[in-house]
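Tertiary structure, described
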Protein chains: 2
Amino acid sequence: MNPTDYELQVGVLLRGCRLKAGLSLNGVQEKSGGKWKAGTVGSYERGQRGLTLGTFHELATWYGVKVVDLLPDALEAQVGAAIVNAIEARMRDGSTHE
Amino acid sequence: MNPTDYELQVGVLLRGCRLKAGLSLNGVQEKSGGKWKAGTVGSYERGQRGLTLGTFHELATWYGVKVVDLLPDALEAQVGAAIVNAIEARMRDGSTHE
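One structure accompanies this document, and this report is about it.

**Here's the deal with the nonpolar core**
Among the nonpolar cores identified, the biggest contains 44 residues, and L14(A), F56(A), L71(A), L14(B), F56(B) and L71(B) are the most heavily contacted of them. In this structure, L14(A) is in contact with Y44(A), E45(A), L51(A), F56(A), L59(A), Y63(A) and L70(A), ignoring residues within four places of it in sequence.

**Describing the interface of chain A and chain B**
If you look at the interface, chain A gives 19 residues, while chain B gives 19 residues. Summed over both sides, the interface of chain A with chain B buries roughly 1,600 Å², with 72% coming from carbon and sulfur. In terms of surface lost to chain B, no three residues of chain A exceed Y6(A), L53(A) and D73(A), which account for 37% of the buried area on that side. Taken together, the connections running from chain A to chain B amount to zero salt bridges. Counting only elements with at least two residues in the side of chain A that touches chain B, the list comes to α1 (5–20), α4 (53–63) and α5 (72–79) of chain A. Looking at the side of chain A that touches chain B element by element, the count peaks at five residues for α4(A). Residues that form the side of chain A that touches chain B fall into these classes: nine nonpolar, five polar and five charged.

**Remarks on the relation of the copies chain A and chain B**
By a simple turn and slide, chain A fits onto chain B: the slide is 0.0 Å along the axis, the RMSD is 0.0 Å, and the turn is 180 degrees. The transformation relating the two chain copies, once decomposed into turn and shift, fits a two-fold axis. Judged by C-alpha distance, T52(A) is the residue of chain A that lies nearest the rotation axis, at 2.0 Å. A share of 100% of interface residues in chain A that are also interface residues in chain B marks the association as one of identical surfaces.

**Description of the packing of α1(A) against α4(A)**
Residues and elements named next belong to chain A. Their axes nearest at 10 Å, the elements α1 and α4 cross at an angle of 25 degrees. Considering the angle they form, α1 stands roughly parallel to α4. The crossing of α1 and α4 is left-handed. Residues V10, L14, C17 and R18 of α1 touch α4, and the partners they reach there are F56, L59 and Y63. Across the contact of α1 with α4, the residue classes tally to six nonpolar, no polar and one charged.

The rules behind the values
Residues numbered from 1 in each chain as written. Chains lettered and ligands numbered in written order. Predicted model: local features only at pLDDT ≥ 70, side-chain atom pairs only at ≥ 80, totals over all residues. Heavy atoms only, no water. Core = buried A, V, L, I, M, F, W, Y, C linked by side-chain atoms within 4.5 Å. Buried < 20%, exposed > 50% of the residue type's maximum accessible area, 1.4 Å probe, protein only. Contact = heavy atoms within 4.5 Å. Buried area = accessible area lost by both parts, 1.4 Å probe. Salt bridge = Lys/Arg side-chain N within 4 Å of Asp/Glu carboxyl O. Helix = DSSP H or I, 4+ residues; strand = E, 2+ residues; numbered from the N terminus. Nonpolar A, V, L, I, M, F, W, Y, C, P; charged D, E, K, R; others polar. Least-squares fit on C-alpha atoms with pLDDT ≥ 70 in both. Axes fitted to C-alpha atoms, helices over the stretch in contact; angles between N-to-C directions. Parallel < 35°, antiparallel > 145°, perpendicular 65-115°, else oblique. Left-handed = near helix turned anticlockwise from the far one by under 90°.

Take a look at the structure:
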């Protein structure tokens with residue numbers, strides 16, 4: 001699937017949320033007892049898997065954050081889209097492995 | 001598919017957004033030149049079709065609103081979840097036709 005810019009931005013924020021929690025993708029899988037597979041979460045973060053609202057809400061809740069905190073819209077209002085775009089560009093440059 | 005409560009609430013807000021715009025489901029289809037099918041949008045509003053973030057963002061943009069304005073999280077902060085639940089209950093009671 002071809003992710004939209006919006007989905008890419010959400011993915012970046014999802015990834016930031018995980019890193020803020022100090023978790024690797026495998027760490028997420030372990031800590032969730034296998035509910036959230038490393039590969040699945042990774043593909044969400046890269047916007048490569050269609051993330052439905054229901055799943056997105058579940059994952060956000062698991063991280064202990066609100067859906068709105070993971071949306072570029074909210075971030076835009078706070079600090080501007082530039083930040084999202086910068087992180088996104090960095091991620092596209094290949095630093096997607098951790 | 002079994003919609004989560006969250007998806008049901010988003011559906012209610014989506015429907016409210018459409019009604020606020022004075023559009024029937026067929027009206028959405030006509031006004032969008034067929035991009036948004038009446039049946040598809042209706043199933044989104046009932047939470048019966050998995051709505052991905054990308055599509056949700058596109059539809060919100062088409063309505064001229066932000067994604068955050070269509071999320072129960074944001075509404076909770078403003079006026080409390082009680083309103084969402086009340087609308088949801090009314091919708092479940094069968095007044096889903098317009």
